[in-house]
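Examining the three-dimensional arrangement
For reference, the chains in residue letters:
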Amino acid sequence: MQLFNQTIDLLKKEILLEWRSKYAFNGVLLYVVSTVFICYISFNLTPGFSGSSGYRIIWNVLFWIIILFASVNAIAKSFIQESKARLLYYYSIASPQAIILSKTIYNILLMSLLSLLALVVYLLFFNNTIGDPLFYFLSVLLGSISFSTVFTMISAIASKAGNNGTLMAILSFPVIIPVILLLVRISKSAMDGIERSLNYGNIGVLCAINIIVIATSLILFPYLWRD
């Protein structure tokens, strides 16, 4: 019960700070909109491309590339923006599990909102080629959760190594590659309108990866926190 209360209090703090500054949200939203607009202009310079056979594949892959880099930009600041004095204060009032859980939940909420806004902007600029919109919407939410859980833990590790961006990229690579491959498969099936039951296995694997990452975060973060 104490862990739950601490997590909720820290989550409220994260949301309140973001509401006041809107630093991460506005910055990443600007990145998403500008990137989509640039891609839209580039595609329009290629007449007839929207009707080609590879349009759907590129449409889908490009969307996930945008969301991936948006996640890195938003979540990498999770621990970087915290001063040493504030981290010391957290150490005295909350457990490390509550801190990592609150950061993870906050990043999930932030990325879910940004990903849905990105999808709306994407659909406004490009032709809607999604065969099963509801299932594609589910894949976007799963992607937001997956990116948030992975990058939150990696950001915590990198913050203890002097906020080394190279370290964050190296550590996240083995985990994020299978996640991206699964998300591309699931979302491509949604675009083609393929039977949903054929992707239940991929969704199960993706959920298992998220559970493992969260469990690993809860186990390892206390040791990082002590340092």
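Refer to the structure presented above.
Residues numbered from 1 in each chain as written. Predicted model: local features only at pLDDT ≥ 70, side-chain atom pairs only at ≥ 80, totals over all residues. Heavy atoms only, no water.

Quick word on the packing of helix α3 (residues 55-75) against helix α7 (residues 133-159)
This is how the line gets drawn: Lines fitted to C-alpha atoms define the axes here, with helix axes fitted over just the stretch in contact, and angles between the N-to-C directions of these axes take values from 0 to 180 degrees. The way it works is that DSSP assigns letters per residue, a run of H or I at least four long becomes a helix, a run of E at least two long becomes a strand, and they are numbered from the N terminus. By definition, turning the near helix anticlockwise from the far helix through less than a right angle yields a left-handed crossing, and turning it clockwise yields a right-handed one. By the convention used here, residues are in contact when the closest approach between their heavy atoms is within 4.5 Å. Residues are grouped as follows: Ala, Val, Leu, Ile, Met, Phe, Trp, Tyr, Cys and Pro are nonpolar; Asp, Glu, Lys and Arg are charged; all remaining types, including Gly, are polar.
Relative to each other, α3 and α7 sit at 35°, their axes nearing to 10 Å. Between α3 and α7 lies a crossing whose hand is right-handed. Residue-level contacts link Trp59, Asn60, Phe63, Trp64, Ile67, Leu68, Ser71, Val72 and Ile75 of α3 to Tyr136, Ser139, Val140, Gly143, Phe147, Ser148, Phe151, Thr152 and Ser155 of α7. Counted by class, the contact of α3 with α7 contains 11 nonpolar, 7 polar and no charged residues.

Quick look at the nonpolar core
Our working rule: For our purposes a nonpolar core is just a set of buried Ala, Val, Leu, Ile, Met, Phe, Trp, Tyr and Cys residues, chained together by side-chain atoms within 4.5 Å. For the exposure calls, accessible area comes from a 1.4 Å probe over protein chains only, and a residue counts as buried if that area is under 20% of its type's maximum, exposed if over 50%, partly exposed in between.
If you look at the biggest cluster of nonpolar residues, it comprises 50 residues, and the most contacted ones within it are Trp59, Phe63, Trp64, Tyr122, Phe126, Tyr136 and Phe147. Mapped by element, the contributors of at least two residues to this core are α2 (23-44), α3, α6 (96-125), α7, α8 (165-192) and α9 (200-226). The dominant element in this core, judged by the number of residues it contributes, is α3, at 11 residues. When sequence neighbours within four positions are dropped, the list of residues in contact with Tyr122 reads Val36, Ile58, Trp59, Leu62, Phe63 and Ile66. With 13 residues, the next largest nonpolar core counts Phe79, Leu87, Ala156 and Phe221 among its residues.

Let's talk about the pattern of salt bridges
What counts is decided by this rule: What makes a salt bridge here is a side-chain nitrogen of Lys or Arg within 4 Å of a carboxyl oxygen of Asp or Glu, nothing more.
Summed over all chains, the structure comprises 4 salt bridges. Linking Asp132 and Arg196 is a salt bridge whose minimum nitrogen-to-oxygen distance equals 2.8 Å. Within this pair, whereas Asp132 is found in the loop between α6 and α7, its partner Arg196 is found in the loop between α8 and α9, the two being separated by 64 residues in sequence. According to the relative accessible area criterion, Asp132 is buried, its value standing at 13%. We classify Arg196 as partly exposed; its relative accessible area is 32%. Among the ionic pairs, Asp192 bridges to Lys188, the shortest N-O distance being 2.5 Å. A residue pair is termed a helical-turn pair when its members lie 3 or 4 positions apart in one helix, as Asp192 and Lys188 do in helix α8 at 4 residues.

Considering a nonpolar patch on the surface
Worth spelling out the cut-off: Patch rule: a residue counts if its relative accessible area is over 30% and it has no salt bridge; like charges are joined within 9 Å, and nonpolar side chains (Val, Leu, Ile, Met, Phe, Trp, Tyr) within 5 Å. All accessibility values rest on the Shrake-Rupley procedure with a 1.4 Å probe; residue burial counts only the protein chains present in the view.
On the surface, a cluster of nonpolar side chains totalling about 410 Å² of accessible area is made up of Ile57, Ile58, Val61, Ile65 and Phe69. Structurally, Phe69 is set in helix α3.

Observations regarding the side chain of Ser155
Note that Ser155 resides in helix α7. Using a relative accessible area of 1% as the deciding quantity, one classes Ser155 as buried.

So, the packing of aromatic side chains
Put simply, the test is: Here a pair means two rings of Phe, Tyr or Trp (six-membered ring of Trp) with centres within 6.5 Å. Their orientation is stacked below 30 degrees between planes, edge-to-face above 60, and tilted elsewhere.
For the structure on display, the rule yields 8 aromatic pairs. For the ring pair Phe37 and Phe125, a centre distance of 5.8 Å and an interplane angle of 65° mean the geometry is edge-to-face. Here Phe37 is found in helix α2, whereas its partner Phe125 is found in helix α6, with 88 residues between them in sequence. In this structure Phe37 comes out as partly exposed when scored by relative accessible area, which is 40%. What makes Phe125 partly exposed here is its relative accessible area of 26%. Summarising the aromatic geometry, the rings of Trp64 and Phe147 are spaced 6.3 Å apart at their centres and angled 75° between planes, so their arrangement reads as edge-to-face. In this pair, Trp64 is assigned in helix α3 and Phe147 in helix α7, connecting sequence segments 83 residues apart.

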